[in-house]
Amino acid sequence: PHPDFTKEVERLGRRLRQTLGDFGNDAGIALIAGFSFGRAQEIILALHHLSENDGLPRGTRIYVDGKLTHRMNSIAAKYLPADKAAIFKNGNFFINVEGEDERAFLIEEITRSEIDFMAIPKIIVSSSNDLRAGPSERYAKAILKSASRRRLIATTGFMEDGSPGRMLMDRNLD
């Protein structure tokens, strides 16, 4: 059986609060890698729920990256009730990372240790669950190089043997 969604959202919230800290010096960064269709939208809805119920640190910025994820968000919004569909509109709840320039800028900021950027808790939702390709692979590498002591790389599905996500899990890297 599948785990209870509400309990999983609460567990995610606890882990994110622990990792991200609060607005101020040395706030953390989290990457949540998931499949573009279905899982990414569940993650976005869960983060919205946490945000609306004080389940995320104050001032947390949420970025969503991945062409297919953006497309799937648009499709999902067509079939959801209006209140949930509004969550998927760019700029409403999260920041869409669109294009290589924006992605490169965000990755550069992750690897820098400037106080103003490190003071803002950040969550990146990105495609490629196993960190094998796409934006997630690049974000994971940047987060591992980040000067922040507060960092989390979370995956949301099966990890094939030999995939970067599986290797990271097996090594139990922080």
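As the structure is a prediction and not an experimental result, all values here were calculated from the model.

A. How the structure looks around the packing of helix α5 (residues 100-111) against helix α7 (residues 134-145). Running from N to C, α5 and α7 point in directions that differ by 20°, and their axes come no closer than 8 Å. One element, α5, and the other, α7, form an angle in the roughly parallel class. Seen along the crossing, α5 lies across α7 with a hand that is right-handed. Facing Glu100, Arg103, Leu106, Ile107, Ile110 and Thr111 of α5, the residues of α7 in contact are Pro135, Arg138, Tyr139, Ala142, Ile143 and Lys145. Of the residues contributing to the contact of α5 with α7, the split by class is 7 nonpolar, 1 polar and 4 charged.

B. A look at a nonpolar patch on the surface. A cluster of nonpolar side chains, Phe37, Ile75 and Tyr79, forms an exposed patch at the surface whose accessible area comes to about 390 Å². Here Ile75 is to be found in helix α3 (residues 67-79).

C. Local environment of α5. Taking 1.5 Å of rise per residue, the 12 residues of α5 would be expected to cover 16 Å, and the 17 Å separating its terminal C-alpha atoms lies within 8% of that figure. Every buried residue belonging to α5 is among Arg103, Leu106, Ile107, Glu109 and Ile110, and all of these are buried. The arc that holds the buried residues of α5, viewed along the axis, is 160°, so those residues lie on one side.

D. Structural context of the environment of Arg132. In this fold, Arg132 is placed in the loop between β4 (122-127) and α7. Residues Arg132 and Gly165, 33 residues apart in the sequence, show an inter-C-alpha distance of 7.2 Å. The residues contacting Arg132, other than those within four sequence positions of it, are Glu137, Glu160, Ser163 and Pro164.

E. Highlighting the side chain of Thr60. Residue position: Thr60 is located in the loop between α2 (39-52) and β2 (61-65). At 2.6 Å, the side chain of Thr60 and the backbone oxygen of Pro57 are in polar contact. Not counting the four nearest positions on each side in its chain, Thr60 is found in contact with Leu20, Pro121 and Ile123.

Here is what the cut-offs are and how they apply
- Residues numbered from 1 in each chain as written.
- Predicted model: local features only at pLDDT ≥ 70, side-chain atom pairs only at ≥ 80, totals over all residues.
- Heavy atoms only, no water.
- Axes fitted to C-alpha atoms, helices over the stretch in contact; angles between N-to-C directions.
- Helix = DSSP H or I, 4+ residues; strand = E, 2+ residues; numbered from the N terminus.
- Parallel < 35°, antiparallel > 145°, perpendicular 65-115°, else oblique.
- Left-handed = near helix turned anticlockwise from the far one by under 90°.
- Contact = heavy atoms within 4.5 Å.
- Nonpolar A, V, L, I, M, F, W, Y, C, P; charged D, E, K, R; others polar.
- Patch = residues over 30% accessible without salt bridge, like charges linked within 9 Å, V, L, I, M, F, W, Y side chains within 5 Å.
- Areas by Shrake-Rupley, 256 points an atom, 1.4 Å probe, with all protein chains shown as cover.
- Salt bridge = Lys/Arg side-chain N within 4 Å of Asp/Glu carboxyl O.
- Expected span 1.5 Å × (residues − 1).
- Buried < 20%, exposed > 50% of the residue type's maximum accessible area, 1.4 Å probe, protein only.
- Arc of directions from axis to C-beta.
- Polar contact = N/O pair within 3.5 Å; in protein donor to acceptor, adjacent residues only side chain to side chain.

Note that every value here comes from positions in space, so none of it alone points to a role or purpose.
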